[in-house]
Amino acid sequence: MDQLPIIDISPLYSDDENAWPAVAAQIDLACREWGFFYIKGHPISPQRIDAVLDHTQRFFALPAAEKLKIDITQTRHHRGYGAIATEQLDPSKPSDLKETFDMGLHLPANHPDVLTEKPLRGPNRHPAQPGWEALMEQHYLDMQALAQTLLRAMTIALDIKRDFFDSRFVDPVSVLRMIHYPPRHTASSAEQQGAGAHTDYGCITLLYQDSAGGLQVKNVKGEWIDAPPIDGTFVVNLGDMMARWSNDRYRSTPHRVISPRGVDRYSMPFFAEPHPDTRIECLPGCQDPQHPAKYPTTTCAEFLLSRFADTYAYRREQEAV
Ligand SMILES: O=C(O)CCC(=O)C(=O)O
Ligand SMILES: [Fe+2]
């Protein structure tokens, strides 16, 4: 148990549905044993990744005042730039040594969810960088489609309808995030991690990481093992909402980022989440008389908001007013 599985998902893109179950079985096993795996054979091109990464690096290189024009702490719907130490993923450690950009499904100002100030709903706040907005909006949609392909494969092992997740991931509250981890220069900053140990909140996360390394995953024995960069792959992991939805058939596994010394690190997680009103109640394929549902029903929005409040001091203050 010291190496994460690597799953070739290209058969999921074949028209021959007979090719799917073998991949679905590998995904199901990885979700049960690890809650973490790599995928290769996905349709996101290396050119796309290069373009997104190039924009990301140029954005984070801007002066702070420029980036803070889209300060995430000034929004109620969690979009824009998060300066270093905005997040504290591990409450026993100092705040995270990273800066972030978050975007979601773009809803115009006159959309009913925006007019009624539904949490997590709103327009994106993009930097003025030419070419950024069109590229990132397209990338968001393509990552959402990839996540739904994996979810569709999961329905095979879960023995639920093929469109079970598709019908719940309409107008999702998924988040595409870019992260810059500055280098860790001194021994004194060793305590301050790039990203403190945490589990993800939502359903399924698809992570691109550059070549710097530093991601670590806790295995079932409680040991931290490296999840090194592998060209052309995404690291996929499940979050707390999926663990709960699946009655703990699937694992939401702790992970962290140790910032490398002397180099910058860039990563791009896509957190795939359903429509905010989706009822998160034990999946039909995950309960039987021997394994009754363990958790009360909640909704996607209710669950995510309670987890956000744990991580962001500014959100706790907003909730309090
Ligand atoms: O940057 C990484 O490699 C991981 C980031 C992460 O775990 C997160 O943002 O939830
Ligand atoms: Fe994470």
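Up top is the structure.
Residues numbered from 1 in each chain as written. Chains lettered and ligands numbered in written order. Predicted model: local features only at pLDDT ≥ 70, side-chain atom pairs only at ≥ 80, totals over all residues. Heavy atoms only, no water.

Looking now at the coordination of the iron ion (ligand 2). Taken together, the protein ligands of the iron ion (ligand 2) are H198 (NE2), D200 (OD) and H255 (NE2), with distances of 2.1 to 2.2 Å. Linear spacing of the donor residues for the iron ion (ligand 2) on their chain is H-x1-D-x54-H. Assigned by exposure class, H198 and D200 land together as buried. (Donors = N, O, S within 2.8 Å, 3.2 Å for Na, K, Ca; no water. Buried < 20%, exposed > 50% of the residue type's maximum accessible area, 1.4 Å probe, protein only.)

Strand order in the open sheet formed by 8 strands is β1-β2-β10-β7-β12-β5-β4-β3, and the pairing between neighbours is mixed. Only two strands of the sheet have a single partner each, and these edge strands are β1 (6-8) and β3 (80-82). Strand-to-strand twist across the sheet, computed as the mean angle between neighbouring axes with direction ignored, equals 25°. Direction of pairing for strand β7 (residues 204-209) relative to strand β12 (residues 265-272): antiparallel, over a ladder of 6 bridges. Within β12, the residue paired with I204 across the bridge is A272. Set on the sheet, helix α2 (residues 46-60) makes contact with β3, β4 (99-103), β5 (175-181), β7, β10 (234-238) and β12; between it and β12 the angle comes to about 115°. Against the sheet, helix α5 (residues 132-158) makes contact with β2 (36-40), β4, β5, β7, β10 and β12, and its axis sits at roughly 130° relative to β7, the strand it touches most. (Pairing = 2+ DSSP bridges. Helix = DSSP H or I, 4+ residues; strand = E, 2+ residues; numbered from the N terminus. Axes fitted to C-alpha atoms, helices over the stretch in contact; angles between N-to-C directions. Contact = heavy atoms within 4.5 Å.)

The next point concerns the environment of Y250. Relative to the helices and strands, Y250 is located in the loop between α6 (240-245) and β11 (255-257). Y250 sits in the buried class, given a relative accessible area of 1%. For the pair Y250 and G35, spaced 215 residues apart in the sequence, the C-alpha separation amounts to 6.3 Å. Leaving out residues up to four positions away in the same chain, Y250 has contacts with D28, C31, R32, M154, A157, L158, L238, M242 and A243.

Overall, antiparallel pairing links the 4 strands, which are arranged β6-β11-β8-β9 in an open sheet. Two strands in the sheet have a free side with no partner beyond their single neighbour: β6 (195-198) and β9 (224-226). On average, each strand axis in the sheet is tilted by 25° relative to the strand beside it, whichever way the strands run.

So, on to the packing of helix α1 (residues 20-33) against α5. The description of two helices packed together rests on the angle between their axes and the distance between the axes. Axis separation between α1 and α5 bottoms out at 8 Å; the angle between their running directions is 90°. Classified by the angle their axes make, α1 and α5 are roughly perpendicular. Each of W20, P21, A24, I27 and D28 in α1 lies in contact with α5, whose residues at this interface are L150, R152, A153, M154, I156 and A157. Counted by class, the contact of α1 with α5 contains 9 nonpolar, no polar and 2 charged residues. (Parallel < 35°, antiparallel > 145°, perpendicular 65-115°, else oblique. Nonpolar A, V, L, I, M, F, W, Y, C, P; charged D, E, K, R; others polar.)

So, about the nonpolar core. One finds I27, F165 and I204 to be the most contacted residues of the largest nonpolar core, which totals 83 residues. In terms of residue count, the dominant contributor to this core is α5 (12 residues). Not counting residues up to four positions away in its chain, the partners in contact with I204 are L150, L151, M154, V236, N237, L238, F270, F271 and A272. (Core = buried A, V, L, I, M, F, W, Y, C linked by side-chain atoms within 4.5 Å.)

Take the site of ligand 1 next. The full set of residues close to ligand 1 is I179, Y181, H198, D200, L207, L215, H255, V257, R265, S267, P269 and F271. Here Y181 contributes a side-chain N or O atom positioned 2.6 Å from an oxygen atom of ligand 1. In the environment of ligand 1, an oxygen atom lies 2.9 Å from a nitrogen or oxygen atom belonging to the side chain of R265. Protein contact buries 96% of the 290 Å² of open area that ligand 1 shows by itself. Residue assignment for the shell around ligand 1 shows that the elements contributing at least two residues are β5, β11 and β12. Element by element, the count of residues in the shell around ligand 1 is highest for β12, at 4 residues. (Near = heavy atom within 4 Å. Polar contact = N/O pair within 3.5 Å; in protein donor to acceptor, adjacent residues only side chain to side chain. Areas by Shrake-Rupley, 256 points an atom, 1.4 Å probe, with all protein chains shown as cover.)

This part takes up the packing of α2 against α5. The N-to-C vectors of α2 and α5 enclose an angle of 130°; their axes lie 11 Å apart at closest approach. With respect to their mutual orientation, α2 and α5 come out oblique. Crossing of α2 over α5 shows left-handed handedness. Between α2 and α5, the residues in contact are R48, I49, A51, V52, H55, T56 and F59 and W132, L135, M136, Q138, H139 and D142, respectively. Classifying every residue of the contact of α2 with α5 by side-chain character gives 7 nonpolar, 4 polar and 2 charged. (Left-handed = near helix turned anticlockwise from the far one by under 90°.)

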